[in-house]
Amino acid sequence: MGVRIHNFNPGPAALPLPVLEEAQAELLDFRGTGMSIAEISHRSAVFEEVLNDAAARVKRLLNMPEHFKVLFLQGGASTQFFMVPMNFIPEGSSADYINTGTWSTKAIKEVEILGKPHKVIASSQDRDFCYIPREYAVSPGAAYLHFTSNNTIKGTQWRGLPTAGGVPLVSDMSSDIMSRPFDPKPFGLIYAGAQKNLGPAGVTLVIIRDDMLERSPKTLPTMLRYTTHAEKNSLYNTPPCLCIYLVQLVLKWVEDTIGGLAAMERLNREKADLLYSYIDESGFYKGTADEDSRSMMNVTFRLPAEDLEKELVAEASKNSLGGLKGHRSVGGCRASLYNAVGIDSVRALIELMKEFARKRG
Ligand SMILES: Cc1ncc(COP(=O)(O)O)c(C=O)c1O
């Protein structure tokens, strides 16, 4: 086997090594079938067991009450940007949005394209999305309140949930799902592209409260209605079987090896604290997010000059530390510390950053 790098990619991102090893061991002969999981009917009992186990693990890990359904859909989180308003804003109703960065902006753009009534009740655009807004007034009777729990590009994250006074929360949790526990009760729907904390790209986790399904208009194309997928247990059409299988293995790792979301959060907090503390004391690197809004998942920082940022990324890459370049829209550096990134990787990064600051500072 070649050397595996310290992988700080923002997504697709690092997967737990035991998951990759298990998948490798089972690839040619999936549990005695004589076929790989990618060669088996999605209607077989063998695959349904994988699907149902993955869904059951999602519910257990998130402590989801009975009246929520777990769906595995395609089209990425970006498809949820329009499926949510198409399904959930009935005639005469309007939805609230909070804009905390690139991905919220994209979600808002889709509701605009659809011409559906909506209101952006808060935004942190005034300071280039470096913080999570604290002041907002949810519209009474709003169809839902949409927010992005973790802003992958700007490196900010909601500490707690927005208070919405009974209005159902809808959240894009693509980059922090399964990283910490939270109260599921205020939610109408949660969605997350798998490629950060859940598995490979190609499947989107959607968790939906049963009563929200009643809103799905019958006039929508079949594939765009949540009811279609809920009624058929995500098997209306051929699902991405291989992706769902890898998600199942990742969930098993979080639940059985790590010990659930409270333990996962402790590990994530330790990693993030270690890196932020070093950045703050370095006098060379500078975090870009306000301290009270910093993300545990994506640590964004700058160096005194852009040339130095490029140099650090190149130096890191030479030393088997990958994925540290900031998003092309913002520049700078970003270390994504998703669930599968070990504290050893964070320590290796800090050592490299120290050495770099000593030489260039
Ligand atoms: C928070 C967030 N939402 C949405 C997306 C887009 O997801 P997808 O590529 O699955 O459509 C991303 C991708 O990085 C993201 O980080």
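Numbering of residues starts from 1 in each chain and follows the order in which that chain's sequence is written. Only residues with pLDDT of 70 or above have their local features reported here, since the model is predicted, and side-chain atom pairs are shown and tallied only from 80 upward, although totals for entire chains, interfaces and linings are computed over all residues. Only heavy atoms go into the side-chain values, all of them from the structure, while hydrogens and water stay out.

Caption draft 1: Layout of the side chain of Glu309. Position of Glu309 among the secondary structure elements: in helix H9 (residues 306-318). Any residue under 20% of the maximum accessible area for its type is buried, any over 50% is exposed, and the rest in between are partly exposed; the area is computed with a 1.4 Å probe on protein chains only. On the basis of relative accessible area, Glu309 is assigned to the buried category, the value being 5%. Polar contacts involving the side chain of Glu309 include one to the side chain of Arg302, which spans 2.7 Å. Under the scheme used here, helices are H or I runs from DSSP no shorter than 4 residues and strands are E runs no shorter than 2 residues, and both carry numbers assigned from the N terminus. By the criterion applied in these results, polar contacts are pairs of N or O atoms within 3.5 Å in which, for protein atoms, one can donate a hydrogen and the other can accept it, and in which residues neighboring in sequence qualify only through two side-chain atoms.

Caption draft 2: Representation of the sheet that holds strand E8 (residues 169-172) in the model. Two strands are counted as paired when DSSP detects at least two bridges linking them. Taken in spatial order, the seven strands make up an open sheet running E2-E10-E9-E8-E5-E3-E4, and their pairing is mixed. At either end of the open sheet lies a strand with only one pairing partner, and these are strand E2 (68-73) and strand E4 (118-123). Looking at each pair of strands side by side, their axes are set apart by 20° on average, direction ignored. As judged from the two bridges shared by strand E3 (residues 95-99) and strand E5 (residues 145-148), these two strands associate in the parallel manner. Note that in E5 the partner of Tyr97 across the bridge is His146. Interaxial angles span 0 to 180 degrees and are taken between N-to-C directions of axes, which are lines fitted to C-alpha atoms, for helices over the stretch in contact.

Caption draft 3: Spotlight on the pairing of E4. Two strands pair when backbone bridges link them, and E3 and E4 are joined in this way by five bridges, in the parallel orientation. The partner of Ile98 across the bridge, within E4, is Ala122. Handedness of a crossover is defined as follows: orient the strands so they point away from the viewer, and if the path from the first strand over the helix to the second runs clockwise, the crossover is right-handed. Following the chain from E3 across helix H4 (residues 102-113) to the adjacent parallel E4, one finds a crossover that is right-handed.

Caption draft 4: Local environment of the sheet that holds strand E12 (residues 298-302). What the three strands build is an open sheet, ordered E11-E12-E14; its pairing is antiparallel. Only two strands of the sheet have a single neighbouring strand rather than two, namely strand E11 (286-287) and strand E14 (333-336). Sheet analysis places E11 next to E12, joined by two bridges and oriented antiparallel. The residue of E12 that forms the bridge with Gly287 is Phe301.

Caption draft 5: Representation of the pattern of salt bridges in the model. The term salt bridge refers to a side-chain nitrogen of Lys or Arg lying within 4 Å of a carboxyl oxygen of Asp or Glu. Taken as a whole, this structure holds 21 salt bridges when the rule is applied. A salt bridge links Lys252 to Glu22, with the shortest nitrogen-to-oxygen separation between them at 3.0 Å. Residue Lys252 is located in helix H7 (residues 241-258), and its partner Glu22 is located in helix H1 (residues 17-26); the two are separated by 230 residues in the primary sequence. When its relative accessible area of 27% is taken as the criterion, Glu22 is described as partly exposed. What you see here is one network of salt bridges that share partners, running through Asp53, Arg57, Arg60, Glu255 and Asp256.

Caption draft 6: Broad picture of helix H2 (residues 45-62). Here the expected span of a helix is defined as 1.5 Å times the quantity of residues minus one. End to end, H2 covers 26 Å across 18 residues, agreeing with the expected 26 Å (1.5 Å per residue, within 8%). Along H2, the residues that are buried comprise Phe47, Val50, Leu51, Ala54, Ala55, Arg57, Val58, Lys59, Leu61 and Leu62. A contact between two residues is defined here by any heavy atoms of the two lying within 4.5 Å. The elements touched by buried residues of H2 are E2, strand E10 (204-209), H7 and helix H8 (261-282). Backbone geometry just after H2 places Asn63 at a positive phi near 55°.

Caption draft 7: Just the pairing of strand E9 (residues 187-193), in detail. Within E9, seven of the seven residues are buried, leaving the element largely enclosed by the surrounding structure. Sheet topology note: the E8/E9 ladder contains four bridges and is parallel. Bridge pairing links Ser171 to Ile190 in E9. Of the pairings in the sheet, the one linking E9 to E10 comprises five bridges and is antiparallel in character. Following the sheet pairing, Gly193 is matched in E10 by Thr204.

Caption draft 8: Inspection of the packing of aromatic side chains at higher detail. Each pair of aromatic rings taken from Phe, Tyr and Trp, with Trp reduced to its six-membered ring, is defined by centres within 6.5 Å and is described as stacked if the planes are under 30 degrees apart, edge-to-face if over 60, and tilted in the remaining cases. All chains considered together, the criterion is met by 13 aromatic pairs. Between the aromatic rings of Phe88 and Tyr144, the centroid separation amounts to 6.4 Å while the plane-to-plane angle is 70°, which identifies the pairing as edge-to-face. With Phe88 in helix H3 (residues 76-88) and Tyr144 in the loop between E4 and E5, the pair connects residues that are 56 residues apart, well separated along the chain. When sorted by exposure, Phe88 lands in the same class as Tyr144, which is buried. Look at Tyr285 and Phe301: their rings are 5.9 Å apart centre to centre, the planes differ by 85°, and that puts the pair in the edge-to-face class. Highlighted residues: Tyr285 in the loop between H8 and E11 and Phe301 in strand E12, separated in sequence by 16 residues. A relative accessible area of 5% means that Tyr285 is categorised as buried. Ring pairing ties together the aromatic residues Tyr136, Phe147, Trp158, Phe182 and Phe187, which thus form one cluster. Just above the ring of Phe88 sits the side chain of Arg215; from NZ or CZ to the centre is 5.9 Å. By definition here, charges over rings are those cases where NZ of Lys or CZ of Arg is within 6 Å of the ring centre and within 35 degrees of the ring normal.

Caption draft 9: Local environment of the site of the ligand. We define proximity as follows: a residue is near a molecule or strand when any one of its heavy atoms falls within 4 Å of that partner. Contacts to the ligand come from 13 residues, most closely from Ser78, Thr152, Asp172, Gln195 and Lys196. One nitrogen or oxygen atom from the side chain of Trp103 is found 3.3 Å from an oxygen atom belonging to the ligand. A distance of 2.7 Å separates an oxygen atom of the ligand from a polar atom in the side chain of Lys196. With the chains in place, 85% of the 400 Å² that the ligand exposes on its own is no longer accessible. Looking at the shell around the ligand, the element that brings in the most residues is H3, giving four residues. When the residues that make up the shell around the ligand are grouped by side-chain class, the tally is three nonpolar, eight polar and two charged. Method for areas: the Shrake-Rupley scheme with a 1.4 Å probe, in which residue coverage is limited to the protein chains shown. In this classification, Asp, Glu, Lys and Arg are treated as charged, Ala, Val, Leu, Ile, Met, Phe, Trp, Tyr, Cys and Pro as nonpolar, and every other residue, Gly included, as polar.

These values are about where atoms sit, not about what they do.
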